[in-house]
Amino acid sequence: MKTTPPRPTGDPRRIRSRLVRTGRQALRTLAEDLGTPTGPGAPIFGQVQNRWVRLLPYTVLFVFMVSLLPSTVNVLMNDYGLSGGPAGTLAIAQTVPLLLAVTRPLQAWWVIFTADVVGGIVLGFAPGTADRAWPWPPTVIVGYLVLMLALSLRERRRTLMAVWGATGAVSVFFEIIRPNHGDGTWVLMFTLSGVVLLVGAALRERGAAQRKLIEQENISEAERAMRTLLEERTRIARELHDVVAHHMSVITVQADSAPYRISGIPEAAQEEFSTIAATARESLAEMRRLLGVLRSEETERHGGPEKAPQPGLAQVPKLAEGTVRAGVPVELTLPDEPVALASAVDLSAYRIVQEALANVVRHAPGAHTRVSVTVDEEGGLLTVLVVNSAPPHPAAPLETSGTGHGLVGMRERVRLVDGTLDTGPLPDGGFRVAAQLPMTTAKDHNPA
C-alpha cells in the first residue's frame, strides 16, 4: 500500500489555500464591521443633559447639507460639464444623507460612499475632468470629512478602521486604473479622513471615560453615604447596649432581692419574682450575644474595651471647655436645676452637642458659638441649640469635606428618641443646629 508523502511547508498549493482562507476571514470581518452599527437610532450627544448641546449635531449637519447641495450641483455642472439630471442626482445622494448621520452614521456612510464612488466613475468620463480634481472633487471631500466626524463620534474602533481602509482602497483603485488622470486628491482624501477619524474617536473615548468616572463617583458617593449611616447606627447600637444592659441588670437585682427586702411575700409571688429575674438574665445574655460582634470590632479598633460610662448633659460643660481650648469661643447655657432624662435622651443630647461643636472646629475654626440647652414650661421637651457665627477672615476650614458622620449621627439619634432636628446655614455665614427631644421615650410611658 502506497502512502502519499506529506507536502513540504513551502508547497504553493498549501500557501495559496492558506491565503484564500485568510482573505475570506478578513472580508467576513470587514463586512461584519461595516454592517453592524453601534447603537442605531440613538442621536449623537443624546445622553447630554443640555438641550442645546443635543441639538448641535442636527444644526451643524443641516448647515453643511444646505451649503453643499447647491455647491455640488454648481461644481458638477460648471466645472466638470455634467448635465443637470446626473449632477442633481449625484449632489442629492452625496449631501442629503448627512442628516441621517445624526442617528445612523454608518448607514449614511454607505449611501454617501457609494454615491462618491459612482461620482468618481462618472467624472472619469466627464468632458471637464482633465483639468480638475479627480476622483474626489472639493465638495465631496468636505462632505465626506463631515461624515467622518459624525461617524467617529459613534462607532467603535474596528468599524472606523474598516471605513478608513475602504476609503483608501477605493482611492488607490482609482489611481491604479487611471494613473495619469488624478492629481493627488486621493492622498488628501485618505489622509484627512484618517486624521478626522482619529480625532473624533479620541474625543468620543474621552467623553465615555468621563461619563464612567462620573458614574463611579456617584456610586462611590452612594456607597459612602450608606457606609456612614451603617457605621453611625452601629455606634449608637453599641452605646444603647450599655444603657439597656444597665436597666436589665437593675431589673434582675431587684427581682432576685425582693423576697429578702420585703417580708411576708407569698410563695406564688416569690416564684413570680424568680421567673422575672431568670427572664431578665436570659434577655441580657441574648442581647450581649447579639451585639458581641459590634463590641469586639470596637475593641479591636481602639485596642481595648471602653471603661468610661456613657456621657450625658452633665458632661457638656467639660465638652465646652475642651472646645474653647481648641480655639473656638463657646457661650454655654444650661438649665439651672438638674434635669431628669431618659438614658437614651441624655446620651443623644450630649452626642448632638458634641457633633455640632466638632463640626464648628473642623469647618469654621475660631467662630463664636452659642450652646443652649433648655426645657419647655410643661417639662416635656428638651431643646438643644448650637449656633455658630461665620468664621473670622483669615481663618480657613481645617477640613473642606467632612466624613459625613456629624449630621447623619444627629439625625439617627433624634430619630431614635422620636425627636425633631433642624439644621442649615444662616444668612450671616454661620450654621444652626436645633434639636427637640422628648424628655422621656415612648418605652418609659409603657408600664409593660
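For the structure, check the block above.
The paragraphs below set out a description of the structure included in this document. (Residues numbered from 1 in each chain as written. Predicted model: local features only at pLDDT ≥ 70, side-chain atom pairs only at ≥ 80, totals over all residues. Heavy atoms only, no water.)

### Considerations on the overall build of the protein chain
And step 1. A tally of regular secondary structure across the protein chain gives twelve helices and five strands.
And step 2. Counting all 448 residues of the protein chain, 35% fall into the buried class.
And step 3. Intrachain contacts of the protein chain at a sequence separation of at least 6 include 73% that bridge at least 24 residues.
And step 4. As displayed, the protein chain has an accessible area near 26400 Å², and 61% of this comes from carbon and sulfur atoms. (Helix = DSSP H or I, 4+ residues; strand = E, 2+ residues; numbered from the N terminus. Buried < 20%, exposed > 50% of the residue type's maximum accessible area, 1.4 Å probe, protein only. Contact = heavy atoms within 4.5 Å. Areas by Shrake-Rupley, 256 points an atom, 1.4 Å probe, with all protein chains shown as cover.)

### A few points about the packing of helix α2 (residues 51-79) against helix α3 (residues 84-95)
And step 1. Interhelical geometry of α2 versus α3 gives an angle of 150 degrees and a closest axis separation of 9 Å. The pairing of α2 with α3 is recorded here as roughly antiparallel in orientation. As for how α2 packs across α3, the hand of that crossing is right-handed. Mapping the contact onto sequence places Met65, Leu68, Leu69, Thr72, Val73, Leu76 and Met77 in α2 and Gly84, Ala87, Gly88, Leu90, Ala91, Ile92, Gln94 and Thr95 in α3.
And step 2. Residues belonging to the contact of α2 with α3 are distributed by class as follows: ten nonpolar, five polar and no charged. (Axes fitted to C-alpha atoms, helices over the stretch in contact; angles between N-to-C directions. Parallel < 35°, antiparallel > 145°, perpendicular 65-115°, else oblique. Left-handed = near helix turned anticlockwise from the far one by under 90°. Nonpolar A, V, L, I, M, F, W, Y, C, P; charged D, E, K, R; others polar.)

### A closer look at the pattern of salt bridges
And step 1. Counted by the stated rule, this structure contains three salt bridges.
And step 2. With a shortest N-O distance of 2.6 Å, Arg157 and Glu205 are connected by a salt bridge. With Arg157 in helix α6 (residues 157-177) and Glu205 in helix α7 (residues 185-261), the pair connects residues that are 48 residues apart, well separated along the chain.
And step 3. On the basis of relative accessible area, Arg157 is assigned to the exposed category, the value being 57%.
And step 4. The class for Glu205 is partly exposed, based on a relative accessible area of 30%. (Salt bridge = Lys/Arg side-chain N within 4 Å of Asp/Glu carboxyl O.)

### Observations concerning the packing of helix α10 (residues 316-325) against helix α11 (residues 343-363)
And step 1. Where α10 contacts α11, the axes come no closer than 11 Å and their chain directions differ by 5 degrees. What the angle tells us is that α10 and α11 run roughly parallel. For the pair formed by α10 and α11, the contact residues are Val316, Leu319 and Thr323 on the first element and Tyr350, Val353, Gln354, Leu357 and Val361 on the second.
And step 2. Class assignment of the residues belonging to the contact of α10 with α11 gives a composition of six nonpolar, two polar and no charged.

### As for the layout of surface pockets
Rolled over the atoms, a probe as big as a water molecule pinpoints where empty space is left.
And step 1. Of the volumes computed, that of the largest pocket is approximately 890 Å³.
And step 2. Sorting the residues of the lining of the largest pocket by element identifies α2, α5 (138-152) and α7 as the ones contributing at least two each.
And step 3. At seven residues, the largest contribution of residues to the lining of the largest pocket is made by α7.
And step 4. Of the residues in the lining of the largest pocket, the class split is 16 nonpolar, six polar and six charged. (1 Å grid on protein atoms, 1.4 Å probe; cavity = no way out; pocket = protein on both sides within 12 Å on 5 of 7 lines; lining within 4 Å. Points joined across faces, edges and corners; volume = space filled by probe spheres on them.)

### Structural notes on unusual backbone geometry
And step 1. Here the bond from Trp134 into Pro135 is cis, since omega is 10 degrees, no more than 30 degrees from zero.
And step 2. Tracing the chain through its elements places Pro135 in the loop between α4 (105-124) and α5.
And step 3. If you check the backbone angles, Asp418 has positive phi at about 60 degrees while not being a glycine.
And step 4. Considering the arrangement of structural elements, one finds Asp418 in the loop between α12 (405-416) and β4 (420-425).
And step 5. The class for Asp418 is exposed, based on a relative accessible area of 58%.

### Digging into the sheet that holds strand β5 (residues 431-438)
And step 1. Spatially, β1-β2-β3-β5-β4 is the arrangement adopted by the five strands of the open sheet, whose pairing is mixed. Only two strands of the sheet have a single neighbouring strand rather than two, namely β1 (330-333) and β4. Taken over all neighbouring pairs, the strand axes of this sheet differ in orientation by 5 degrees on average, direction set aside. (Pairing = 2+ DSSP bridges.)

### As for α2
And step 1. In a regular helix each residue adds 1.5 Å, so 29 residues correspond to 42 Å; α2 covers 42 Å between its end C-alpha atoms and thus fits that length.
And step 2. Maximal helix bending in α2 amounts to about 30 degrees, located at Pro57.
And step 3. Taken together, the buried positions of α2 are occupied by Pro57, Leu61, Met65, Leu68, Thr72, Val75 and Leu76.
And step 4. For α2, the capping residue at the N-terminal end is Asn50, with a side-chain oxygen 2.9 Å from the backbone nitrogen of Trp52.
And step 5. Immediately beyond the C-terminal end of α2, within one or two residues, lies Gly81, with a positive phi of roughly 80 degrees. (Expected span 1.5 Å × (residues − 1). Bend = angle between axes of the 7 residues up to and from the residue. Polar contact = N/O pair within 3.5 Å; in protein donor to acceptor, adjacent residues only side chain to side chain.)

### Here's the deal with the packing of aromatic side chains
And step 1. The final tally for this structure, using the stated rule, is seven aromatic pairs.
And step 2. Measuring from ring centre to ring centre gives 4.5 Å for Trp164 and Phe190, while their planes differ by 5 degrees; the resulting arrangement is stacked. On the criterion of sequence distance, the pair formed by Trp164 in helix α6 and Phe190 in helix α7 is long-range, its members being 26 residues apart.
And step 3. Here Trp164 falls in the partly exposed class, since its relative accessible area comes to 27%.
And step 4. When the centroid spacing of 6.1 Å and the interplanar angle of 55 degrees are considered together, the rings of Phe173 and Phe174 count as tilted.
And step 5. We classify Phe173 as partly exposed; its relative accessible area is 49%.
And step 6. On the basis of relative accessibility, which here comes to 2%, the residue Phe174 falls in the buried class.
And step 7. Ring pairing ties together the aromatic residues Trp109, Trp110, Phe113 and Tyr144, which thus form one cluster.
And step 8. In this structure, Arg178 is placed above the aromatic ring of Phe125, and the distance from its NZ or CZ to the ring centre is 5.8 Å.
And step 9. Over the aromatic face of Trp134 sits the side chain of Arg178, whose NZ or CZ is 5.9 Å from the ring centroid. (Phe/Tyr/Trp six-rings, centres within 6.5 Å; stacked < 30°, edge-to-face > 60°. Lys NZ or Arg CZ within 6 Å of the ring centre and 35° of its normal.)

### A few points about the side chain of Gln94
And step 1. By the element assignment, Gln94 lies in helix α3.
And step 2. On the basis of relative accessibility, which here comes to 7%, the residue Gln94 falls in the buried class.
And step 3. When sequence neighbours within four positions are dropped, the list of residues in contact with Gln94 reads Thr72, Ile112, Ala115, Asp116, Gly119 and Val140.

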